[in-house]
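Residue-level structural notes
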Amino acid sequence: MSLTARQLALATLDRQLLLERRHLDVAEAVRRVCALQAQSPASPYLALWNRVRDFVPEDLDAAFADRRVVKASLMRITLHAVHADDYAPYHAAMVSRLRSSRLYDRRFTSTGLADTDADALLPELAGFLEQPRSGAEVEGEFAGRFGEHAHRVWWALRTYGPVHHAPAGGPWSFAQRNSYLAAPEGGPQEAAAGVRRLLLSYLRAFGPASTQDFARFTMLDRPPITQALSELEGQVVPVPGPGRAVLYDLADATVPAEDTPAPPRLLPMWDSTLLSHAGAGRVVPEEYRPLVVRRNGDVLPCLLVDGQVAGVWRAAEGGGLELTAFRALSRAAWQGLTEEAERLSALLADRDPAVYGRYGHWWDKGIPGAERVIVQG
């Protein structure tokens, strides 16, 4: 039987640990969900708070410090937190896309350097980053050779080279001023093998999905995706879905029943669930997408009600959280959201009560809401 849109949404929520919090080590939880968007230092923590039962932020602090979980530029040419064992194959899958995004950009080509010149710098950079260095320190190291272009050379190398962001303290492990470390040498990694590994991880975390969905999540081109599907025949199989696009899934994967309940959740900014599929995705109603995904790419913290985005949240002035619903919600829905908000507010009180405060301008510009509630911790 063909899967319904509701089942596809529930499948993604289930695999993202959003139907039920699980007792998991934080590094294993990160592996299970493929990757956590990490542009904002707070987001991986709040993503895991939504997914791991009895989540303790200090556990993720320790995982970053021990490099069991690492933060680097990967899918969609943006920062993600991934399990350390996944970094090398994911980087191998993405490095061609990362490299072209920088070395063919006029900001790099204006330096007059060839792409081979940038590649030749990578071993030297790895040696310099054997200990944590700030961006200013790296630019200073390059300034003698590249002068005013040192900043643009470093801008390219830190995106496509094997470079991790290093924990620097603060409430979320990463300070606003980044520091960097060389990724450990893991031996040669083949790009095609990396794409296969990433595709399997993606389907385990977000499937069933189409090639368009995987391309949206990664920004990979069609040929390596088609090649990976061909090489994974038997492990990855087509499944019937509600639309025209062919869906693929792991051969042994299961999908929840359509009547499975979905609990309320307060997702962080850029939660991967909101960015894992083409179009509006599976949990964002089409009419709400412009309210949630802003024109510059910011993806606001969202309220999930019965598995669908129903509003946004932010830190309230004076403490607590402000919940804005795009439509009228039932009393039971508000009770569930309020209980989640009380728990999240209590966690934030010890770390960052004004989390995501720099993005308050989106509310200042006006976010239409049918109902607003302030919840204290």
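Notes on the structure follow.

Thresholds applied
- Residues numbered from 1 in each chain as written.
- Predicted model: local features only at pLDDT ≥ 70, side-chain atom pairs only at ≥ 80, totals over all residues.
- Heavy atoms only, no water.
- Axes fitted to C-alpha atoms, helices over the stretch in contact; angles between N-to-C directions.
- Helix = DSSP H or I, 4+ residues; strand = E, 2+ residues; numbered from the N terminus.
- Parallel < 35°, antiparallel > 145°, perpendicular 65-115°, else oblique.
- Contact = heavy atoms within 4.5 Å.
- Nonpolar A, V, L, I, M, F, W, Y, C, P; charged D, E, K, R; others polar.
- Buried < 20%, exposed > 50% of the residue type's maximum accessible area, 1.4 Å probe, protein only.
- Core = buried A, V, L, I, M, F, W, Y, C linked by side-chain atoms within 4.5 Å.
- Pairing = 2+ DSSP bridges.
- Salt bridge = Lys/Arg side-chain N within 4 Å of Asp/Glu carboxyl O.
- Phe/Tyr/Trp six-rings, centres within 6.5 Å; stacked < 30°, edge-to-face > 60°.
- Lys NZ or Arg CZ within 6 Å of the ring centre and 35° of its normal.

Okay, the packing of helix H7 (residues 115-128) against helix H9 (residues 150-160) next. Axes are the key here: two packed helices are described by the angle between their axes and the distance separating the axes. Packing of H7 against H9 leaves a shortest axis separation of 11 Å and a crossing angle of 75°. Here H9 runs roughly perpendicular to H7, going by the angle between their axes. On H9, the residues that touch Ala118, Asp119, Leu121, Leu122 and Leu125 of H7 are Val153, Trp154, Leu157 and Tyr160. Looking at side-chain class alone, the contact of H7 with H9 contains eight nonpolar, no polar and one charged residues.

Assignment of secondary structure puts Glu340 in helix H14 (residues 331-349). Residue Glu340 is classed as buried on the basis of its relative accessible area, which comes to 3%. Not counting residues up to four positions away in its chain, the partners in contact with Glu340 are Arg21, Trp49, Pro264, Arg265 and Leu266.

What follows is about the nonpolar core. Of all hydrophobic cores here, the largest spans 70 residues; its most connected members are Leu46, Leu48, Phe55, Leu266, Val309, Trp313 and Leu323. Residue contributions to this core peak at seven residues, all from H14. Beyond its immediate stretch of four places on either side in the chain, Leu323 contacts Leu266, Leu303, Val312, Trp313, Trp334, Leu337, Ala341, Glu371, Arg372, Val373 and Val375. Listed in part, the 52 residues of the second largest apolar core include Trp155, Ala156, Val163 and Ala205.

Reading across the sheet, the five strands line up as S9-S10-S11-S12-S13 and stay open at both edges, with antiparallel pairing between neighbours. If you trace the sheet from one side to the other, it starts and ends with strand S9 (265-267) and strand S13 (371-375), each paired once. If you compare each strand with its neighbour and ignore which way they point, the axes differ by 30° on average. Taken together, the five bridges between strand S12 (residues 321-325) and S13 define a ladder with antiparallel strand orientation. Bridging from a neighbouring strand, Ala325 pairs with Glu371 of S13. Where H14 meets the sheet, it contacts S9, strand S10 (302-305), strand S11 (308-315), S12 and S13, and its direction lies at approximately 150° from that of S12.

On to the pattern of salt bridges, then. If you walk through the whole model with that rule in mind, you get 21 salt bridges. Residues Asp249 and Arg15 are paired through a salt bridge, measuring 2.8 Å at the closest nitrogen-oxygen approach. Taken as a pair, Asp249 in strand S8 (residues 247-250) and Arg15 in helix H1 (residues 5-15) lie far apart in primary sequence, 234 residues in all. A salt bridge links Asp115 to Arg99; the shortest N-O distance between them is 3.5 Å. Of the two residues, Asp115 is situated in helix H7 and Arg99 in helix H5 (residues 84-103); the sequence distance between them amounts to 16 residues. The exposure class of Asp115 is partly exposed, given its relative accessible area of 24%. Overlapping salt bridges bring together Arg21, Arg265, Glu340 and Arg343 as one network.

Let us look at the packing of aromatic side chains. Counted under the stated rule, the structure contains 12 aromatic pairs. Centre to centre, the rings of Phe142 and Phe146 are 5.9 Å apart; their planes meet at 75°, and the pair counts as edge-to-face. Taken as a pair, Phe142 and Phe146 lie in helix H8 (residues 135-146) at a separation of four residues, close to a single helical turn. Taking the relative accessible area as the measure of exposure, Phe146 reaches 16% and is therefore buried. Taken together, a centroid distance of 5.3 Å and an interplanar angle of 35° make the contact between Tyr202 and Phe206 tilted. Taken as a pair, Tyr202 and Phe206 lie in helix H10 (residues 191-206) at a separation of four residues, close to a single helical turn. For Phe206, a relative accessible area of 0% translates into the label buried. Among the aromatic residues, those joined into a ring-pair cluster are Tyr45, Phe64, Trp172 and Phe174. The residue whose ring lies beneath Arg21 is Trp49, and the NZ or CZ to ring-centre distance is 4.7 Å. One Lys or Arg, Lys71, reaches over the ring of Phe174 and ends 4.2 Å from the middle of that ring.

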